[in-house]
Every structure is written in structure tokens, then in C-alpha cells.
Amino acid sequence: MSLLQILPAMSPFVLLLSVGIAWLAFRDARRRNRVDHDEARKRDQVSKSFDHIIEQTRDRDLIEMNEQFKAVIDSLKKTGPGPYGLAEVEGHFVKHRQAAIDAAEVITKLFNYYEATAIGISLGALDEEIIKQWWRASYVADWQDFSAYVTEKRERDGRDALYLQYQRQAERWA
């Protein structure tokens, strides 16, 4: 058999071999690209998480909100242990820096911030483990202290999803 007779018989094999090699190269490139993308996403997530933490230590409004919340919780604890409901929170005012602050407003501000953080974690914008290491104790304790308040507020206002992401996060971390 001459080479000219063998070549036509081999061309489907060569074609299949070429397609197979090209497919393997394409699959490997996709895998490397996915790994590179996942690593970049994780670095971005970690960076945003640390920015979120640093913001809490530098932003005057957040610092003030946390100081007000501490004044509220200290005041409520004098009346007895939590969890606190609508009756204990609404209409409860605390003196803070020569001003009367409304407990319900302070809790709303803080819980909105907690909810936004929980949503950031659930969407993958923030790294859960980093935020958990920074916040777990107070995040969970605050939910436990005011879970009755949120439950009663949901029922009264017809807002079933109020702070739902925060609740799920706090219960998972508890």
C-alpha cells in the first residue's frame, strides 16, 4: 500500500484528533479563566469586607449610631432582660449627649445597616467569614434582644420581610 492510498483513510482520524486537541485546549483555557475570575472575585469580596469594617470604625454617623444603640440597650437592660417587644421599645426615649433619642428610631437605623450587610453577604459582595469574625457576637446578641420587637412590628405593619435577611444571618451565626 502506498502513502497516497493511506492518506485518505487517515484524514478522518487526523480531523478527529485535531478537534479533540482543540477541545481539550479550549476546556483548559475556560477552566483557567474561571479560576482566575473566581480568585479575582474573592479578592474583591475580601477587600469590600475590610472596607465595610473600616467604615464602621471611621464613619462618624455609624459611630454615633452605635453609641446611641448602646445607650438604648443599656437603658432597656435596666428595665429587665430581653428580648424586648413593641411595648418596651416604642415610646422609649433615652438621654444621650444632652438629647432625648427615640429607641425605635435608633434600632431601625442599626437594623437597616445590619440588613444591608446581610444582603451584601447573601449576594456575595461581602465575605461572610470576615464579617462574622468581626461582628458575630453583637450581631447575634442584638437580634436576640430585639427579635420579639421585629416579629411584633412585622405583624402589626404587615411587613413579613422586615429584616428577614438579618434574621436568617443572625440565626445561622448563633
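What counts, and at which threshold
Residues numbered from 1 in each chain as written. Predicted model: local features only at pLDDT ≥ 70, side-chain atom pairs only at ≥ 80, totals over all residues. Heavy atoms only, no water. Buried < 20%, exposed > 50% of the residue type's maximum accessible area, 1.4 Å probe, protein only. Helix = DSSP H or I, 4+ residues; strand = E, 2+ residues; numbered from the N terminus. Arc of directions from axis to C-beta. Contact = heavy atoms within 4.5 Å. Pairing = 2+ DSSP bridges. pLDDT = per-residue confidence, 0-100.

*Asks:* What is the right way to look at helix H6 (residues 164-173) in this model?
*Replies:* Within an α-helix, residues lying three or four positions from one another point in the same direction, as the helix has 3.6 residues per turn. Inspection of H6 places Tyr 166, Gln 167, Gln 169, Ala 170 and Trp 173 among the buried residues, and these make up the whole buried set. Down the axis of H6, the buried set is contained in an arc of 165°. They therefore lie on one face. In this fold, the buried residues of H6 make contact with helix H4 (103-122) and helix H5 (128-157).

*Asks:* What is the right way to read the environment of Ala 141 from this model?
*Replies:* Structurally, the position occupied by Ala 141 is in helix H5. C-alpha of Ala 141 to C-alpha of Gly 82: the two residues are 59 residues apart in sequence and 9.9 Å apart in space.

*Asks:* Would you mind going over the pairing of strand E1 (residues 93-96) with me for this structure?
*Replies:* Every other side chain in a regular strand lies on the same face of the sheet, so the side chains alternate between the two faces. Here E1 shows a clear split, with Val 94 and His 96 buried on one side and none of Phe 93 and Lys 95 buried on the other. Bridging between E1 and strand E2 (residues 99-102) involves 4 bridges; their strand directions are antiparallel. Within the sheet, the bridge partner assigned to Lys 95 lies in E2 and is Ala 100. Connecting E1 to the antiparallel partner E2 that follows it, the hairpin turn spans 2 residues, and Arg 97 within it adopts a positive phi of roughly 50°.

*Asks:* Explanation requested: the confidence of the model for the chain in the structure shown.
*Replies:* The predicted coordinates ought not to be read in detail in places where the model reports low pLDDT. A residue-level look at the chain finds 68% of positions with pLDDT of 70 or above and a mean pLDDT of 82. Mean pLDDT across the elements of the chain ranges from a minimum in helix H1 (residues 3-58), with 61, to a maximum in H6, with 96.

*Asks:* How do you make sense of the environment of Asp 142 when you look at a structure like this?
*Replies:* Here Asp 142 shows up in helix H5. Owing to a relative accessible area of 9%, Asp 142 belongs among the buried residues under this scheme. Sequence separation between Asp 142 and Pro 83 is 59 residues, and the spatial gap between their C-alpha atoms is 9.2 Å. Among residues more than four places away in sequence, those in contact with Asp 142 are Phe 69, Leu 110, Phe 111, Tyr 114 and Tyr 166.

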